[in-house]
Amino acid sequence: MAYPEQRRLARVAAPAAEIIDRHAGTAAVMDDFHRRLCESKQARYPADEFGHMRSGAAPDA
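The numbering scheme is per chain: residues are counted from 1 as the chain's sequence reads. Residues qualify for local features only when their pLDDT is at least 70, as the model is predicted, and side-chain atom pairs are given and counted only at 80 or more; totals for whole chains, interfaces and linings, by contrast, use all residues. For the side-chain quantities, the full set of heavy atoms in the structure was used; hydrogens and water were omitted.

## Points about the overall build of the protein
Under the convention used in this document: Under the scheme used here, helices are H or I runs from DSSP no shorter than 4 residues and strands are E runs no shorter than 2 residues, and both carry numbers assigned from the N terminus. Under the scheme applied here, a residue whose accessible area is under 20% of the maximum for its type counts as buried, over 50% as exposed, and between as partly exposed, the area being computed with a 1.4 Å probe on protein chains only. Here the Shrake-Rupley method, with its probe set to 1.4 Å, supplies the accessible areas, and only the displayed protein chains count as covering residues.
Check the secondary structure of the protein and you find two helices and zero strands. Considering the protein as a whole, with its 61 residues, one finds that 13% of them fall into the buried category. Accessible surface, the protein: about 5100 Å² in total, of which carbon and sulfur atoms supply 56%.

Structure, rendered in structure tokens:
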């Protein structure tokens with residue numbers, strides 16, 4: 001899951017934008033996990049998604 005380019009703030013300094021870009025995928029996965037966890041304490045931790053991010057592979061849909 002990538003951070004949508006159109007949502008990036010135009011006034012963000014380049015160093016901050018690099019940090020946002022670097023961590024956007026992780027933040028999006030954790031945001032989704034948090035939503036599911038609020039609905040059910042049985043929500044599965046997204047270990048597979050993080051594994052795909054680390055290896056650079058696309059997650060299975």
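That covers the picture; the talk isn't over yet.
## Focus: the pattern of salt bridges
Put simply, the test is: For salt bridges, the criterion is a side-chain nitrogen of Lys or Arg within 4 Å of an Asp or Glu carboxyl oxygen.
Tallied over the full model, the rule gives four salt bridges. For Arg44, the salt bridge goes to Asp48, with nearest N and O atoms at 3.8 Å. For Arg44, a relative accessible area of 45% gives the class partly exposed. One salt bridge in this structure joins Glu49 and Arg44, with 3.5 Å as the shortest N-O distance. A single salt-bridge network, built from bridges that share partners, covers Arg44, Asp48 and Glu49.

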